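A look at the structure
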Amino acid sequence: MNSLVFKHFIGSFNRGDMVWSHPSQRQLVLLDGVSGALPEHAVKLCREWLQEQPENRLFRPEVIIDELNALLAKHKCQAAFCLATVKKTNEVIVDIIGNIRVYELKRYQPAESLRDKDMIHPTEVLGQALTPIPSRLCLPLSYDTKYLICSDGLSHTKIIDNGLRLDDIERNVKSKLDALKEENDWSAIVFPVDSTNEFSDSRHVDEVIIGDPSTDAAERQVHQQLAQQIMANPVLKGAKLVRNPFFKGKNSSREVDALLISPIGIFFIEVKGHEGDVELYVDSSERKSMVLWDRTTKPATKVRDANPVRKGIEAIRTFQHDLANSAGELIPEARKTVVICFTSSHGQATCIDGAGKRYPLPYSYGEAVVTDAHNLVSAIISRAKSWVGKRLKPLLSDEQIQKIADRFTHQREETENNPGYLLPGLTVDLTQEISGESSDYFKIYEASHYDDEVWAKRYIDDAFKRLDQGASAERVAREIPVLQRLGRHRVEGIPYYYWHYQNGNDLIIFLEPGYPTTLIDWLKKSPTREACIAILQQLLATLTQISEFSAPPIVLRSVNPRNIRLSSNNSVQLINFELVQSDDLKTLPINARTQFDRLYQSAEVLDASASVSGKADVYSVAMVIAYVLSGDVPKKVRLQQGRGFANLLEQTGLPEQDSDLLKKALHENPQQRPSMHVLNERIRQWK
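Rules of the game
Residues numbered from 1 in each chain as written. Predicted model: local features only at pLDDT ≥ 70, side-chain atom pairs only at ≥ 80, totals over all residues. Heavy atoms only, no water. Helix = DSSP H or I, 4+ residues; strand = E, 2+ residues; numbered from the N terminus. Buried < 20%, exposed > 50% of the residue type's maximum accessible area, 1.4 Å probe, protein only. Contact = heavy atoms within 4.5 Å. Areas by Shrake-Rupley, 256 points an atom, 1.4 Å probe, with all protein chains shown as cover. Core = buried A, V, L, I, M, F, W, Y, C linked by side-chain atoms within 4.5 Å. pLDDT = per-residue confidence, 0-100. Axes fitted to C-alpha atoms, helices over the stretch in contact; angles between N-to-C directions. Parallel < 35°, antiparallel > 145°, perpendicular 65-115°, else oblique. Left-handed = near helix turned anticlockwise from the far one by under 90°. Nonpolar A, V, L, I, M, F, W, Y, C, P; charged D, E, K, R; others polar. Pairing = 2+ DSSP bridges. Patch = residues over 30% accessible without salt bridge, like charges linked within 9 Å, V, L, I, M, F, W, Y side chains within 5 Å. Salt bridge = Lys/Arg side-chain N within 4 Å of Asp/Glu carboxyl O. Lys, Arg positive; Asp, Glu negative; His and termini not counted. Charge placed at Lys NZ, Arg CZ, Asp CG, Glu CD. Expected span 1.5 Å × (residues − 1). Polar contact = N/O pair within 3.5 Å; in protein donor to acceptor, adjacent residues only side chain to side chain. Phe/Tyr/Trp six-rings, centres within 6.5 Å; stacked < 30°, edge-to-face > 60°.

Broken down by element type, the chain carries 20 helices and 32 strands. In the chain, which comprises 687 residues, the share counted as buried stands at 54%. Sequence separation of 24 or more characterises 66% of the internal contacts of the chain that already satisfy a separation of 6 or more. When the accessible surface of the chain is totalled, it reaches about 30,800 Å², and 48% of it is carbon and sulfur.

As structure tokens, then:
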């Protein structure tokens with residue numbers, strides 16, 4: 001995070017607080033003068049002392065604390081104190097004296113206090129007889145975590161109880177913090193803020209960005225970075241950024257993470273937020289030729305995923321006709337390319353050619369450029385220079401850029417009244433309900449996309465939703481970003497998400513239909529032992545892929561025989577993601593909770609106040625395993641005690657020693673259950 005900067009804020013009528021920034025922007029001092037001990041004078045003395053110090057070195061904590069303590073004691077002043085220093089180890093060291101507060105804000109989680117206790121009155125301050133010893137915090141830096149350091153002028157209760165979140169301090173920060181004040185005398189520091197990522201004026205941002213904010217943290221990072229560069233970089237002056245546009249092909253449609261329409265060219269941008277190392281085999285003809293490494297596990301684990309370079313090049317060729325229609329005869333004048341951007345600050349992405357030679361990023365491959373977030377803009381400009389030479393000249397005028405951008409603006413407006421606008425060939429008949437798939441929470445209707453059958457899942461507009469309005473709408477629509485994430489990573493056995501339409505409380509999600517046979521009906525046909533094992537292995541493989549998602553994790557809460565579907569060739573599919581937990585929206589609408597199949601749900605899922613993790617799905621799949629092996633409704637108590645699982649395994653000729661693992665999967669304490677990965681590895685060995 002080489003471009004890290006601190007952002008600091010003070011109250012509108014501030015007197016006894018101050019924030020001082022070192023010229024290098026790698027060190028900040030926050031002071032809060034103690035009431036009744038000349039707070040204004042304390043601030044004045046410290047500011048004057050700091051301004052007199054040499055600019056070519058950072059302060060050592062023990063030196064600045066000793067000097068300021070003696071200075072304030074001499075003038076009978078006191079102040080709480082904080083020194084924040086950026087280290088080369090990609091962390092910030094915070095030294096604190098007094099009741100300065102520190103909060104950690106992670107994506108989709110409420111603020112968490114990092115102090116042992118949040119004192120109303122300080123027990124130690126600068127300006128006392130003996131030099132106080134500071135408390136120290138080491139705060140690791142990453143793009144999906146921010147920290148708030150503040151004086152007691154901001155209310156600890158409001159920050160914790162009102163659920164201050166990371167999104168709240170990414171825009172209009174001053175007004176957000178001002179709403180948390182207990183008094184006008186307050187000061188605060190927010191970090192890390194990437195200088196290439198931060199919007200200085202939201203009005204300018206609205207002029208360059210089209211589309212709603214993404215649900216994906218990595219995509220939001222790239223959108224912010226590009227918007228800032230459009231406003232700051234002369235080469236991109238006049239450019240427009242379209243967030244998550246859809247393109248229509250002859251027989252299908254596709255969502256792109258970002259489209260940069262600039263004077264120097266048009267760039268289709270695919271964002272990859274994997275947090276570990278990445279090996280991208282650019283010459284491989286295999287579909288899954290990107291290897292994602294997780295080196296936090298021992299031994300390191302790897303997952304194969306679709307090659308975004310090949311996918312991107314195919315997309316630009318398939319959908320460029322739609323883009324050409326957007327701007328008529330203007331588009332052929334502008335060159336187009338695909339940019340694959342890896343955003344991880346914790347891993348390294350490498351491209352590997354057919355000869356096994358490894359290349360760092362940025363790396364050009366045909367019509368594609370592979371880069372990391374740090375080099376994103378420079379990689380785009382370099383690609384443009386390869387087209388026209390070092391002296392870049394505009395290929396599109398402001399009028400041409402606006403004409404292309406207008407297409408996406410109109411796209412959003414027309415979608416509000418016509419859910420099929422973005423997807424040619426998408427039709428729905430709301431008189432044709434599929435009653436066997438409907439519930440008291442949603443109705444399923446017949447729809448189609450060209451010749452393909454589609455389900456239109458329409459949520460019932462009940463009294464609870466009308467009373468709860470926006471909050472409930474977010475809870476209901478929870479499955480949309482999850483299906484987008486799973487689809488983007490090509491997780492097997494997940495219904496394809498086409499599109500959704502929302503107008504107020506009316507929400508329709510267009511999905512690939514569920515396979516025709518439920519696990520319940522399939523077992524009634526008395527399948528062979530081998531077929532049962534194959535089904536379980538497919539199911540565990542899919543659930544393991546889902547369990548590997550993080551920031552935020554995905555917890556299905558709906559793994560039961562009715563939601564496990566099978567095709568005519570015994571391919572497994574999971575349906576009904578309306579109960580999923582993948583962010584801070586843990587609370588379900590009242591009528592959604594009736595969808596739980598209590599036999600297959602763990603105790604923590606059924607307790608609305610309990611914390612739920614991926615171990616809840618481990619519990620559910622263990623019950624499903626028992627159901628498949630026995631062919632009968634599982635008896636939980638019998639399985640949790642004695643030889644329940646051992647007898648089932650013995651009857652089906654499977655290893656009895658696996659019974660201990662399956663029994664642990666039903667443990668009442670989620671921490672005692674194995675991970676989905678461990679369970680999958682064991683089931684994979686069954687023959």
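The structure having been displayed, the exposition proceeds.
Now for the nonpolar core. Nonpolar side chains in soluble globular proteins generally cluster together in the buried interior. In terms of nonpolar packing, the biggest core is built from 74 residues, with Leu486, Phe510, Leu519, Leu556, Ile625 and Trp686 touching the most fellow members. Per element, the largest residue contribution to this core is 11 residues, and it comes from helix H16 (residues 615–630). Beyond its immediate sequence surroundings of up to four residues, leucine 519 is in contact with Ile535, Pro561, Ile564, Leu566, Val624, Tyr627 and Val628.

The predicted coordinates ought not to be read in detail in places where the model reports low pLDDT. Chain-level statistics for the chain give a pLDDT mean of 80 and a share of 80% at 70 or above. Within the model, the stretch residues 326–333 combines pLDDT values under 50 with 14 contacts to residues more than four positions away or in other chains. For the stretch residues 462–472, pLDDT sits under 50, and the model shows 14 contacts to residues farther than four places along the chain or on other chains.

Turning our eyes to something else, we now look at the packing of helix H1 (residues 39–51) against helix H2 (residues 61–74). Contact geometry of H1 with H2 gives a least axis separation of 10 Å together with a crossing angle of 135°. By the criterion of interaxial angle, the relationship of H1 to H2 is oblique. Seen from above, H1 lies across H2 with right-handed handedness. Counted together, Ala42, Leu45, Cys46, Trp49 and Leu50 of H1 and Ile64, Glu67, Leu68, Leu71 and Leu72 of H2 form the full contact between these two elements. Of the residues belonging to the contact of H1 with H2, the class tally is 9 nonpolar, no polar and 1 charged.

With that settled, the discussion passes to the sheet that holds strand S24 (residues 368–372). Pairing in this open sheet of 7 strands is mixed, and the strands run S11-S12-S15-S16-S20-S24-S23 from one edge to the other. Only two strands of the sheet have a single partner each, and these edge strands are strand S11 (209–210) and strand S23 (363–365). Pairing of strand S15 (residues 258–262) with strand S16 (residues 265–272), which is carried by 5 bridges, proceeds in the antiparallel orientation. For serine 262, the partnering residue across the bridge sits in S16 and is glycine 265.

Close contact between helix H14 (residues 529–547) and H16 brings their axes to 10 Å; oriented N to C, the two are set at 170°. It follows from the interaxial angle that H14 and H16 lie roughly antiparallel. Contacts from Cys532, Leu536, Leu539, Leu540 and Leu543 of H14 reach H16 at Val621, Val624, Ile625, Val628 and Leu629. Partitioned by chemical class, the residues of the contact of H14 with H16 number 10 nonpolar, no polar and no charged.

The element strand S29 (residues 506–511) is largely enclosed, with a buried count of 5 among its 6 residues. Here 4 bridges tie strand S27 (residues 452–459) to S29, and the two strands are oriented antiparallel to one another. Opposite tryptophan 455, over in S29, you have leucine 511 as the bridge partner.

Next up on the list: the sheet that holds strand S30 (residues 517–518). Strand order in the open sheet formed by 3 strands is S30-S31-S32, with antiparallel pairing between adjacent strands. Lying at the two open borders of the sheet, with one neighbouring strand each, are S30 and strand S32 (572–574). Strand contacts of H14: strand S31 (564–566) and S32, with the helix running at about 40° to S32, the strand carrying the most contacts.

A word on the environment of glycine 514. Turning to its location among the elements, glycine 514 is positioned in the loop between S29 and S30. The exposure class of glycine 514 is buried, given its relative accessible area of 14%. Contact partners of glycine 514, with chain neighbours within four places excluded, come to Trp455, Gln573 and Ile575.

Turning next to a negative patch on the surface. There is a patch of like negative charges on the surface, built from Asp429, Glu446, Asp451, Asp452 and Glu453. Locating glutamate 446 in the fold gives a position in strand S26 (residues 442–449). In this structure glutamate 446 comes out as partly exposed when scored by relative accessible area, which is 41%.

A separate point is the pattern of salt bridges. A complete count under the given rule lists 15 salt bridges for this structure. A salt bridge links glutamate 650 to arginine 643, with the shortest nitrogen-to-oxygen separation between them at 3.4 Å. The class for glutamate 650 is partly exposed, based on a relative accessible area of 46%. On the basis of relative accessible area, arginine 643 is assigned to the partly exposed category, the value being 43%.

Quick look at the environment of leucine 154 now. With respect to the helices and strands, leucine 154 occurs in the loop between strand S9 (145–150) and helix H3 (156–161). Judged by its relative accessible area of 0%, leucine 154 falls in the buried class. Each residue touching leucine 154, except ones within four places of it in the same chain, is listed here: Arg101, Ile159, Leu177, Leu180, Lys181, Glu182, Trp186 and Ala188.

Turning our eyes to something else, we now look at H16. If you check H16, its first and last C-alpha atoms are 23 Å apart, about what 16 residues at 1.5 Å a residue would give, namely 22 Å. In terms of burial, H16 is largely enclosed, as 15 of its 16 residues are buried. With its phi angle positive at about 75°, glycine 631 sits one or two positions after the end of H16.

Here the focus is the side chain of threonine 371. Within the secondary structure, threonine 371 sits in strand S24. A polar atom in the side chain of threonine 371 sits 3.5 Å from the backbone oxygen of asparagine 375. Not counting the four nearest positions on each side in its chain, threonine 371 is found in contact with Val339, Ile340, Cys341, Phe342, Leu361, Pro362, Leu376 and Ala379.

The residue aspartate 257 is located in the loop between strand S14 (253–255) and S15 in this model. Separated by 2.7 Å, the side chain of aspartate 257 and the backbone nitrogen of valine 271 make a polar contact. When neighbours within four sequence positions are excluded, aspartate 257 is seen to be in contact with Glu219, His223, Arg243, Asn244, Ile269, Glu270, Val271 and Arg488.

All of the buried residues along helix H18 (residues 644–651) are Gly644, Phe645, Ala646, Leu648 and Leu649. In this structure, the buried side of H18 is in contact with H16, helix H17 (636–640) and helix H19 (659–665). After H18 finishes, the residue glycine 653 shows a positive phi value of roughly 70°.

Moving on, we come to the packing of aromatic side chains. Between two aromatic rings, the relevant description is the distance of the centres plus the angle of the planes. Under the defined criterion, the tally for this structure stands at 8 aromatic pairs. Pairing tryptophan 49 with phenylalanine 59 gives two aromatic rings, centres 5.7 Å apart and planes at 25°, and the pair type is stacked. Of this pair, tryptophan 49 sits in helix H1 while phenylalanine 59 sits in the loop between H1 and H2, and the two are 10 residues apart along the sequence. Of the two residues, tryptophan 49 and phenylalanine 59, neither departs from the other in class, the shared state being buried. Ring geometry for phenylalanine 267 versus tryptophan 387: centroids 5.8 Å apart, planes at 15°, classification stacked. Here phenylalanine 267, found in strand S16, pairs with tryptophan 387, found in helix H8 (residues 376–388); they are 120 residues apart in sequence, far enough to count as distant. Here phenylalanine 267 matches tryptophan 387 in class, with each residue buried.

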